[in-house]
Amino acid sequence: MHTMKETCNLVNIPYETLKYYCNQGLVPNVKRDVNNRRIFDDNDIEWIKSLSCLRNCGMSIQEMRTYAELCLKGASSIPERKMMLAAKKEDLLKSISKLQECVEYIEMKQQFYDEVVSGKTKYYCNLLPET
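Residues numbered from 1 in each chain as written. Predicted model: local features only at pLDDT ≥ 70, side-chain atom pairs only at ≥ 80, totals over all residues. Heavy atoms only, no water.

K.L.:
Would you take a moment to explain the overall build of the protein chain for this structure?
P.N.:
In terms of helices and strands, the protein chain carries five helices and three strands. By the compact-globule yardstick of 14 Å for 131 residues, the protein chain is too spread out, its C-alpha radius of gyration being 24 Å. In terms of overall dimensions, the protein chain has a C-alpha envelope of 75 × 35 × 25 Å along the principal axes. Buried positions account for 24% of the 131 residues belonging to the protein chain. Per element, the accessible surface of the protein chain, about 9700 Å² overall, is 54% carbon and sulfur. Taking the average place of the 19 positive charges on the side chains of the protein chain and the average place of its 18 negative ones, the gap between the two points comes to 5 Å. (Helix = DSSP H or I, 4+ residues; strand = E, 2+ residues; numbered from the N terminus. Rg over C-alpha atoms; globule rule 2.2 N^0.38 Å. Buried < 20%, exposed > 50% of the residue type's maximum accessible area, 1.4 Å probe, protein only. Areas by Shrake-Rupley, 256 points an atom, 1.4 Å probe, with all protein chains shown as cover. Lys, Arg positive; Asp, Glu negative; His and termini not counted. Charge placed at Lys NZ, Arg CZ, Asp CG, Glu CD.)

Structure (structure tokens):
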């Protein structure tokens, strides 16, 4: 069993985040020690890692709550969970595409600046009038 602090270190999230997840019902069946402090077993640790991943994927707290509720229903809810994850995956792939376009733009600008600095290309700026 792990304390809140140990759990936070294991899953690499702030204490306040774990406390919030617990208070929001995202970590069901939280166990408590003799001093009424939350404690977590290995299954809880794995679930909290999943929550962190879902949050990093852009899921809202409500979506995470829905996902957790579906998980608690067992195998019968797998189709719904798969649909949720597929939608999130599609959003992530669109984000990756947009980020790739940004990287390509930056690479193009850096190449332009390198060519200007080396004297290979004359400098111009779309913000300045042509001279």
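K.L.:
I tried to follow helix α5 (residues 78-118) on my own but got confused; where do I start?
P.N.:
With 41 residues, α5 should reach 60 Å at 1.5 Å per residue; the first-to-last C-alpha distance of 58 Å fits that figure. The set of residues buried in α5 consists of Arg81, Lys88 and Phe112. Looking at the buried positions of α5, the neighbouring elements they touch are α4 (61-72). (Expected span 1.5 Å × (residues − 1). Contact = heavy atoms within 4.5 Å.)

K.L.:
Help me understand the packing of aromatic side chains in this model?
P.N.:
The description of an aromatic ring pair rests on the distance of the ring centres and on the angle between the ring planes. One pass over the full model with this rule turns up four aromatic pairs. Relative to Tyr113, the ring of Phe112 has its centre 5.7 Å away and its plane inclined at 55°; by these criteria the two rings are tilted. Overall, Phe112 belongs to the buried group, its relative accessible area being 9%. Residue Tyr113 is classed as partly exposed on the basis of its relative accessible area, which comes to 42%. By the ring-pair criterion, three or more aromatic residues cluster together here, those being Phe112, Tyr113, Tyr123 and Tyr124. (Phe/Tyr/Trp six-rings, centres within 6.5 Å; stacked < 30°, edge-to-face > 60°.)

K.L.:
Would you mind showing me how to read the environment of Ile39 here?
P.N.:
Structurally, the position occupied by Ile39 is in strand β3 (residues 38-40). Assessed through its relative accessible area of 14%, Ile39 is described here as buried. On a C-alpha basis, the gap between Ile39 and Tyr105 in space is 48 Å, while along the polypeptide they are 66 residues apart. Every residue in contact with Ile39, bar those within four places of it in the chain, is listed here: Met1, His2, Lys31, Arg32, Asp33 and Asp44.

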